[in-house]
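Residue-level structural notes
Given next are the chains, with one letter for each unit.
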Amino acid sequence: MKKFYKVNGTPTKEKIEKYNDDEHIFFRFQNPEFEIDKEHCESWGMIFSTREEALEGAEEWGMTEEEAILPGKSCMPTLEGIWDWSSEFGKDDVVLVFEGADTRTTGHDGEYVADFYEAVEVWSYEDVMNYLEKEGQN
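Residues numbered from 1 in each chain as written. Predicted model: local features only at pLDDT ≥ 70, side-chain atom pairs only at ≥ 80, totals over all residues. Heavy atoms only, no water.

Now for the pairing of strand 4 (residues 112-124). Taken together, the three bridges between strand 2 (residues 73-75) and strand 4 define a ladder with antiparallel strand orientation. Bridging across to strand 4, Lys73 finds its partner in Ala114. Pairing of strand 3 (residues 94-106) with strand 4 involves 11 bridges; the strand directions are antiparallel. Residue pairing in the sheet places Thr105 in a bridge with Val113 of strand 4. What sits between the antiparallel neighbours strand 3 and strand 4 is a turn of five residues, in which Gly110 has the positive phi angle 85°. (Pairing = 2+ DSSP bridges. Helix = DSSP H or I, 4+ residues; strand = E, 2+ residues; numbered from the N terminus.)

Structure, rendered in structure tokens:
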């Protein structure tokens, strides 16, 4: 399978401080084999595999169809903010640092939702977890 997001950097204190302070930079866990493009610019929660599945299963999960499909990508405005979801991902995933705009929508699990403009950096899951553990996140 093709990887759309290949690791091209590592987290450093200086980068993270810069990115955390930028209102147009967001962080998200990403399967590197799934491209964020015009067809895949929404989020539908980790319980659904596709947009269609989210629409079909919305009522069962107590959501309207509008609530099931988020108008952007689930993310957090700081690197430290993604820690709560780290156990849902693993070494095959990456952390995508991206430029975007906050949609002012809250995600299904309290996360931010942002429009995706472009990738800024791609970090390995392991590098991010090691950094956060070293900085006392856990």
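A word on the state of the cysteines. In a disulfide, the sulfur atoms of two cysteines are covalently bonded to one another. Under the defined criterion, the tally for this structure stands at zero disulfides. Free cysteine: Cys41, not disulfide-bonded; nearest cysteine sulfur from Cys75 at 13 Å. Assessed through its relative accessible area of 3%, Cys75 is described here as buried. (Disulfide = S-S within 2.5 Å. Buried < 20%, exposed > 50% of the residue type's maximum accessible area, 1.4 Å probe, protein only.)

Turning to the pattern of salt bridges, a few remarks are in order. Under the counting rule described, the total for this entry stands at five salt bridges. Glu17 is paired through a salt bridge with Lys13; the nearest N and O atoms lie 3.6 Å apart. Here Lys13 and Glu17 lie together in helix 1 (residues 13-20), a separation of four residues that amounts to about one turn. Since its relative accessible area comes to 43%, Glu17 is described here as partly exposed. When its relative accessible area of 44% is taken as the criterion, Lys13 is described as partly exposed. (Salt bridge = Lys/Arg side-chain N within 4 Å of Asp/Glu carboxyl O.)

With that out of the way, let us pick up the packing of aromatic side chains. Inspection of every chain in the model, using the stated rule, returns six aromatic pairs. Ring geometry for Phe29 and Tyr125: centres 5.9 Å apart, planes at 45°, overall tilted. Remark: Tyr125 occurs in helix 4 (residues 125-134) and Phe29 occurs in strand 1 (residues 25-30); sequence separation between them is 96 residues. Here Phe29 and Tyr125 have matching classes, each one buried. (Phe/Tyr/Trp six-rings, centres within 6.5 Å; stacked < 30°, edge-to-face > 60°.)

Our focus in this paragraph is unusual backbone geometry. For Arg104, which is not glycine, the phi torsion reads 65° and is therefore positive. Residue placement: Arg104 occurs in strand 3.

Turning next to the sheet that holds strand 4. What the four strands build is an open sheet, ordered 1-3-4-2; its pairing is antiparallel. Looking at the sheet topology across the chains shown, the edges are occupied by strand 1 and strand 2. Within the sheet, the average angular offset between the axes of one strand and its neighbour, ignoring direction, is 45°. Pairing analysis gives six bridges linking strand 1 to strand 3, with the strands arranged antiparallel. Within strand 3, the residue paired with Gln30 across the bridge is Val94. (Axes fitted to C-alpha atoms, helices over the stretch in contact; angles between N-to-C directions.)

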